[in-house]
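# Observations on chain architecture
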Amino acid sequence: MNLSELHFSQLDQLLGERGQKILILSHRNPDGDAVGASLGLQLILKKLGHTVNILIPNALPKFLKWMPEADTITVYNHDTNKAEDLLKRGNLVFALDFNDLSRIREFDEILKTGESYKVLIDHHPNPGQFADVTVSDTTVSSTSELLYSFLHRMGLGELIDKDVATCLYAGIMTDTGCFSFNSSRPETFHIVADLLKAGIEKDRIFDLVYDNFSQDRMRLMGYCLNEKMVYLPRFRTAYIALSQEELRNFNFRVGDSEGFVNLPLSIADIRFAVLIMENKDCVKLSFRSKGSFPVNALAADHFNGGGHLNAAGGESNKTLQETIDSFVDLLPNYKDALLTD
Ligand code: 5GP
Ligand code: MN
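Residues numbered from 1 in each chain as written. Chains lettered and ligands numbered in written order. Predicted model: local features only at pLDDT ≥ 70, side-chain atom pairs only at ≥ 80, totals over all residues. Heavy atoms only, no water.

## Some thoughts on unusual backbone geometry
The bulk of non-glycine residues show a negative phi, and the bulk of peptide bonds are trans. This is how it is decided: The secondary structure listing takes helices from DSSP runs of H or I that are at least 4 residues long and strands from runs of E that are at least 2 residues long, numbered from the N terminus.
Despite not being glycine, Asn126 shows a phi value in the positive range, around 55°. As for its position among the elements, Asn126 is in the loop between β5 (117–122) and β6 (133–136).

## Here's the deal with the pairing of strand β4 (residues 92–96)
Where we set the bar: Summary of the burial criterion: residues with accessible area below 20% of their type's maximum are buried, those above 50% are exposed, and those between are partly exposed, where the area comes from a 1.4 Å probe applied to protein chains only. Pairing between strands requires that DSSP locate at least two bridges from one strand to the other.
With respect to burial, β4 is a largely interior element, five of its five residues being buried. In this structure, strand β1 (residues 21–26) lies alongside β4, joined through five bridges in parallel fashion. From the neighbouring strand, Leu25 faces β4, where its bridge partner is Ala95. Across five bridges, the pairing between β4 and β5 is parallel. Across the sheet, the residue bridging to Leu92 is Tyr117, located in β5.

## Topic: the sheet that holds strand β9 (residues 272–278)
Note the threshold: Contact between two residues is taken to exist if any of their heavy atoms lie within 4.5 Å; hydrogens are not considered. Axis definition: a line fitted to C-alpha atoms, over the contacting stretch in the case of helices. Angles run 0 to 180 degrees between N-to-C directions.
Strand order in the open sheet formed by six strands is β7-β8-β9-β10-β12-β11, and the pairing between neighbours is mixed. One side of each edge strand has no neighbouring strand; the edge strands of this open sheet are β7 (229–232) and β11 (306–307). Sheet topology note: the strand β10 (residues 283–289)/strand β12 (residues 311–316) ladder contains six bridges and is antiparallel. Bridge pairing in β12 links Phe287 to Ala312. In this fold helix α9 (residues 215–228) packs onto β7 and β8 (237–242), with an angle of close to 125° to the strand it touches most, β8.

## Here we look at the site of ligand 1
Defined as follows: Near residues are defined by distance, with any heavy atom within 4 Å of the molecule or strand qualifying the residue. Any pair of N or O atoms that falls within 3.5 Å is considered a polar contact. Within protein, one atom must be able to donate a hydrogen and the other to accept it, and sequence-neighbouring residues count only if both atoms are side-chain atoms. Each accessible area is a Shrake-Rupley result for a 1.4 Å probe, and residues are judged covered by the shown protein chains and nothing else. Any residue outside Ala, Val, Leu, Ile, Met, Phe, Trp, Tyr, Cys, Pro, Asp, Glu, Lys and Arg is labelled polar, Gly included; the first ten of those are nonpolar and the last four are charged. Boundaries of every domain are those given by an automatic assignment or by a domain database.
Close to ligand 1 lie 13 residues, the nearest being His124, Lys284, Ser286, Arg288 and Ala312. Here an oxygen atom of ligand 1 and a side-chain polar atom of Arg288 are 2.8 Å apart. Its free accessible area being 490 Å², ligand 1 has 84% of it covered by the protein chains. Counting only elements with at least two residues in the shell around ligand 1, the list comes to β10, β11 and β12. The greatest single-element share of the shell around ligand 1, amounting to four residues, is contributed by β12. A class-by-class count of the residues in the shell around ligand 1 yields two nonpolar, seven polar and four charged. Taken domain by domain, the makeup of the shell around ligand 1 includes at least three residues from each of domain 1 (5–210) and domain 2 (215–339).

## Notes on the coordination of the manganese ion (ligand 2)
Cut-off, in case you're wondering: Each metal's donors comprise the N, O and S atoms found within 2.8 Å of it (within 3.2 Å for Na, K or Ca). Water is not part of the atom list, so some coordination spheres may appear incomplete.
Each protein donor to the manganese ion (ligand 2) is listed here as Asp33 (OD), Asp97 (OD), His123 (NE2) and Asp175 (OD); together their distances run 2.2 to 2.4 Å. Taken in chain order, the donor set of the manganese ion (ligand 2) reads D-x63-D-x25-H-x51-D. With Asp97 in the loop between β4 and α4 (108–112) and Asp175 in helix α6 (residues 162–175), the pair connects residues that are 78 residues apart, well separated along the chain. Among the residues examined, Asp97 registers a relative accessible area of 1% and is labelled buried. The exposure class assigned to Asp175 is buried, which follows from its relative accessible area of 17%.

## A look at the domain arrangement of the protein chain
What counts, and what does not: As a working definition, buried area equals the accessible area (1.4 Å probe) given up by two parts on being put together, with both sides summed. We define a salt bridge as a side-chain nitrogen of Lys or Arg found within 4 Å of a carboxyl oxygen belonging to Asp or Glu.
Its domain assignment divides the protein chain into domain 1 (5–210) and domain 2 (215–339). Counting residues at the interface gives nine residues for domain 1 and eight residues for domain 2. With both sides pooled, the region where domain 1 packs onto domain 2 buries about 700 Å², and carbon together with sulfur makes up 57% of that total. Applying the counting rule to domain 1 against domain 2 returns one salt bridge. In this structure, the salt-bridge partner of Arg105 is Glu315, at a minimum N-O distance of 3.6 Å. Taken together, domain 1 and domain 2 are joined by one residue pair in polar contact (both at pLDDT 80 or more). Partitioned by chemical class, the residues of the side of domain 1 that touches domain 2 number four nonpolar, three polar and two charged.

As structure tokens, then:
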């Protein structure tokens with residue numbers, strides 16, 4: 001936890017004066033970690049007597065809507081007037097779970113030029129230098145895990161009740177793929193043990209996140225695996241590409257493709273899995289790898305994106321087919337890296 005004495009005392013003072021107008025911002029296509037950390041922090045800051053609002057660029061998927069106070073989140077593209085108003089009023093801003101301003105274009109101005117005091121809490125590599133305080137640690141599983149340590153460092157650990165613990169646990173669980181990756185740190189499990197002691201119902205949380213989908217999503221998953229997955233064993237790579245029309249055929253809703261990118265990783269010897277989805281305004285790519293193949297570098301170099309070593313994303317303004325072709329054309333350049341363990 002890299003929080004200097006100076007920043008600690010500035011924050012301690014700010015949080016100690018009741019009635020601050022606090023804005024919590026997180027990234028586009030919010031995931032369990034972004035939403036869990038935002039809601040957990042909001043609950044704590046409200047207990048301290050502050051006015052708190054969470055603002056995200058676009059809607060959260062149904063499998064995250066059950067979280068405590070999720071209905072208080074303002075979605076920029078649903079409620080733009082309210083969002084613009086909130087952006088003008090916050091005197092303290094927390095930016096959670098993103099390192100790159102391109103993921104939150106709507107909030108550019110407040111983060112780059114606004115007068116507010118800004119705190120970034122994030123676990124992605126190369127955090128952007130836009131905040132007054134940057135709490136960054138790339139060795140933690142999730143922003144929710146980092147937030148837990150931050151709250152303790154600020155002397156607020158006592159305020160982590162069952163609802164806060166539920167939010168943080170959901171963030172850690174989803175960002176670690178239910179503790180299957182990125183979670184080798186003993187500390188992650190110590191923190192989870194503490195959250196269990198706070199009374200969370202971990203089996204119920206699992207159920208609400210992973211067993212809460214529509215029939216359409218299950219059929220779309222079957223279609224992806226049976227008809228859409230392209231396996232390229234010579235590159236130890238598999239990809240799934242979906243057009244708008246295919247998505248419509250399965251009544252696609254935000255969140256329905258959650259986890260699809262991981263599916264090909266179950267093939268023995270695979271190193272690289274990709275999900276390519278045609279959106280209304282661009283083509284979105286999700287990258288996952290096993291081992292040392294750095295998908296964040298590939299995403300940054302070719303798809304205007306970034307992320308973690310083994311989980312990254314990007315986008316393309318070409319058509320779906322052109323995007324697929326340019327992706328496949330890249331693979332020979334990475335052959336050596338993909339064939340090394
Ligand atoms: P997902 O594939 O689940 O959308 O994203 C996985 C990870 O990739 C995210 O945690 C985030 O770090 C990163 N990521 C996804 N999309 C983008 C993007 O468009 N730009 C950047 N810089 N990172 C992204
Ligand atoms: Mn995260």
